[in-house]
Amino acid sequence: MATSSVLGPVGERVPDVSRIAVLRANALGDFIFVLPALEALRAAYPAAEIVLLGAPWHAKLWRDRPGPVDRVLVVPPAPGIRDPGPDESPAAVADFLAGARAERFDLALQLHGGGGNSNPIVAGLGARVTAGLRAEDAPPLDRWIRYVYYQHEVIRYLEAAALVGAPATTIIPALAVTVADRAEARAVLGEPTRPRVALHPGATDTRRRWPPERFAEVARALAGDGYEVLVTGTPAEQATVDAVVAAAGVPVRPQVGTLSLGGLAACYADCALVVSNDTGPLHLAGSVGTPTVGVYWIGNLINGATPLRARHRPIASWTTRCPVCGIDCTPGIYPHRPGDGDCPHRDSFVADVPAVEVVEAARELLAG
């Protein structure tokens, strides 16, 4: 019988659980969103081993890091699960599942999306009880909750964890920064001589990228206020970082591929503020306790922006039509509206956000 919590129904706790599998093998921001659900599982099953079914980068991140993940089991690349890495050898999902069944999981959770591709993997683990999310076209699990697109990601996964008697203990994702992380950041960046801020102008989806010249405006304003300005990015974002640096016209410090993920976490933890597009590093910064200003498309704001305002300011673009062809891009979610909601263009959906709004929000947070 279900009980109730402030976040809704809570299912019965599964008895005699010694090992829990959690499937979440996608990108950085996606993983940050699931941390409160993992904390809920840890609180509900304190003696159980929590095994994350993740990607190789998860295994590196969680090596010797305190938190709710005890161990990472790398799931092979598969459609709808994760893309292969550049140097990764192919592996069959069937072989992975055969090995995973030997782990004898008591409980397996699908916290990886709608379940069309992921529910069969979770069901194939052979756990005593399976639970998680289910879209209309996905096979069921033993306990499931409907996947509805427009829901905050943190709350979505907390509701799924509650299916197995693990009510929320927090809604705030938190990632520990280790001594090794801080040593790496110091070795790369040196000791700060003045307060630092970091800008992250990249994003995998170009529609979520605020123009580089706007980030440059923010860099000029904050450098003029006396802050040391870092511009972070992945190697794939080198051109975007270069564009910000060139347009800024003031000394800034580009950091492209100079830090591991743990080192980047430590870098952000020592910053007074991070300004970023809606992408993994923005959510990483929030998870290590750093104030943030994030530039969001309105749909992504609904799903991913923190509801907290003491330390965070999400700035929204209300654009719903493609800036190139004008097609309404909402009917993919709302099929009864006219049009198919799809177009080939990938121009920015957040270019209408003025730099002054971001600068004002940044200065407000920096003023404390």
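Preceding block: the structure.
Below is a short write-up of the structure.

Reading the values: the criteria
Residues numbered from 1 in each chain as written. Predicted model: local features only at pLDDT ≥ 70, side-chain atom pairs only at ≥ 80, totals over all residues. Heavy atoms only, no water. Salt bridge = Lys/Arg side-chain N within 4 Å of Asp/Glu carboxyl O. Helix = DSSP H or I, 4+ residues; strand = E, 2+ residues; numbered from the N terminus. Phe/Tyr/Trp six-rings, centres within 6.5 Å; stacked < 30°, edge-to-face > 60°. Buried < 20%, exposed > 50% of the residue type's maximum accessible area, 1.4 Å probe, protein only. Lys NZ or Arg CZ within 6 Å of the ring centre and 35° of its normal. Pairing = 2+ DSSP bridges. Axes fitted to C-alpha atoms, helices over the stretch in contact; angles between N-to-C directions. Contact = heavy atoms within 4.5 Å. Core = buried A, V, L, I, M, F, W, Y, C linked by side-chain atoms within 4.5 Å. Right-handed = clockwise from strand over helix to strand, strands pointing away. Expected span 1.5 Å × (residues − 1). Arc of directions from axis to C-beta. Left-handed = near helix turned anticlockwise from the far one by under 90°. Nonpolar A, V, L, I, M, F, W, Y, C, P; charged D, E, K, R; others polar.

Moving on, we get to the pattern of salt bridges. Considering all chains together, one arrives at 16 salt bridges under this definition. A salt bridge links D106 to R128, with the nearest nitrogen and oxygen atoms 3.3 Å apart. Linking D106 in the loop between α3 (93-101) and β6 (107-110) with R128 in the loop between α4 (118-123) and β7 (129-134), this pair joins segments that are 22 residues apart in sequence. A salt bridge links E228 to R253, with the nearest nitrogen and oxygen atoms 2.8 Å apart.

With that settled, consider the packing of aromatic side chains. In the structure shown here, the tally under the stated rule is 5 aromatic pairs. Here the aromatic rings of F31 and W57 are separated by 6.1 Å at their centres, their planes lie at 90°, and the arrangement is edge-to-face. Of this pair, F31 sits in helix α1 (residues 28-44) while W57 sits in helix α2 (residues 56-61), placing them 26 residues apart in sequence. The interplanar angle of 75° and the centroid separation of 5.1 Å between the aromatic rings of W210 and F215 together place this pair among those described as edge-to-face. When sorted by exposure, W210 lands in the same class as F215, which is buried. Positioned above the aromatic ring of Y45, the side-chain terminus of R13 is 6.0 Å from the ring centre. Between R134 and the ring centre of W144, over which it is positioned, the NZ or CZ distance is 4.7 Å.

Now for the sheet that holds strand β5 (residues 71-74). Here 6 strands make up an open sheet; going across it, the order is β5-β4-β3-β6-β7-β8 and the pairing parallel. Looking at the sheet topology across the chains shown, the edges are occupied by β5 and β8 (143-146). Averaged over neighbouring strand pairs, the angle between their axes works out to 15° when direction is ignored. For β7 and β8, the ladder comprises 4 bridges, and the chain directions are parallel. Each residue of the ladder has a partner; that of G132, found in β8, is W144. Packing of helix α5 (residues 153-162) onto the sheet brings it into contact with β6, β7 and β8, and relative to β7 it is tilted by some 150°.

The next thing to look at is the nonpolar core. Soluble globular proteins: nonpolar side chains tend toward being buried together. Residues I20, L38, L41, Y45, L107, L109 and Y268 are the most contacted members of the largest nonpolar core, which totals 51 residues. Secondary structure elements with two or more residues in this core: β3 (19-23), α1, β4 (49-54), β6, β7, α5, α9 (261-269) and α10 (280-287). Element by element, the count of residues in this core is highest for α1, at 11 residues. Those residues in contact with Y45 that lie beyond four places of it in its chain are R13, V14, V17, I20, L107 and V164.

What follows deals with the pairing of strand β9 (residues 196-200). The buried fraction of β9 amounts to 5 of the 5 residues, a majority that puts the element mostly inside the structure. Neither face of β9 is open: one carries R196, A198 and H200, the other V197 and L199, and all of them are buried. Note that the unit made of β9, helix α7 (residues 212-224) and strand β10 (residues 228-233) has a crossover that is right-handed.

Moving on, we come to helix α12 (residues 355-366). For α12, spanning 12 residues, the distance from its first C-alpha to its last is 16 Å, which sits close to the expected 16 Å at 1.5 Å a residue. Within α12, burial applies to A355, V358, V359, A361, A362, L365 and L366. Along the axis of α12, the buried residues cluster in a sector spanning 165°; they form a single face. Buried residues along α12 sit in contact with β9, α7, β12 (273-277), β13 (292-297) and β14 (312-317).

Before going further, it helps to examine the sheet that holds strand β11 (residues 253-256). Ordered in space as β11-β10-β9-β12-β13-β14, the 6 strands form an open sheet in which the pairing is parallel. Of all the strands in the sheet, the pair left with one neighbour each is β11 and β14. Between one strand and the next, the sheet's axes are offset by a mean angle of 20°, whatever the strand orientation. With 4 bridges joining them, β9 and β12 adopt parallel strand pairing.

It is at 9 Å that the axes of α7 and α12 come closest, and there the two elements cross at 35°. With respect to the hand of their crossing, α7 and α12 are arranged in right-handed fashion. For the pair formed by α7 and α12, the contact residues are R214, E217, V218, A221 and L222 on the first element and A355, V358, V359, A362, R363 and L366 on the second. The class makeup of the residues in the contact of α7 with α12 is 8 nonpolar, no polar and 3 charged.

Looking at the secondary structure, you find P201 in the loop between β9 and α7. When the C-alpha atoms of P201 and E213 are compared, they prove to be 9.9 Å apart, with 12 residues separating the residues in sequence.

The subject of this paragraph is the environment of L97. Here L97 lies in helix α3. What makes L97 buried here is its relative accessible area of 11%. For the pair L97 and E237, spaced 140 residues apart in the sequence, the C-alpha separation amounts to 35 Å. Setting aside residues no more than four positions away along its own chain, L97 makes contact with I121, G124 and L125.

Now for unusual backbone geometry. Of note, D64 is a non-glycine position whose phi angle comes to about 60°, a positive value. Inspection of the secondary structure assignment puts D64 in the loop between α2 and β5. The backbone of R104 shows a phi angle near 55°, a positive value even though the residue is not glycine. Looking at the secondary structure, you find R104 in the loop between α3 and β6.

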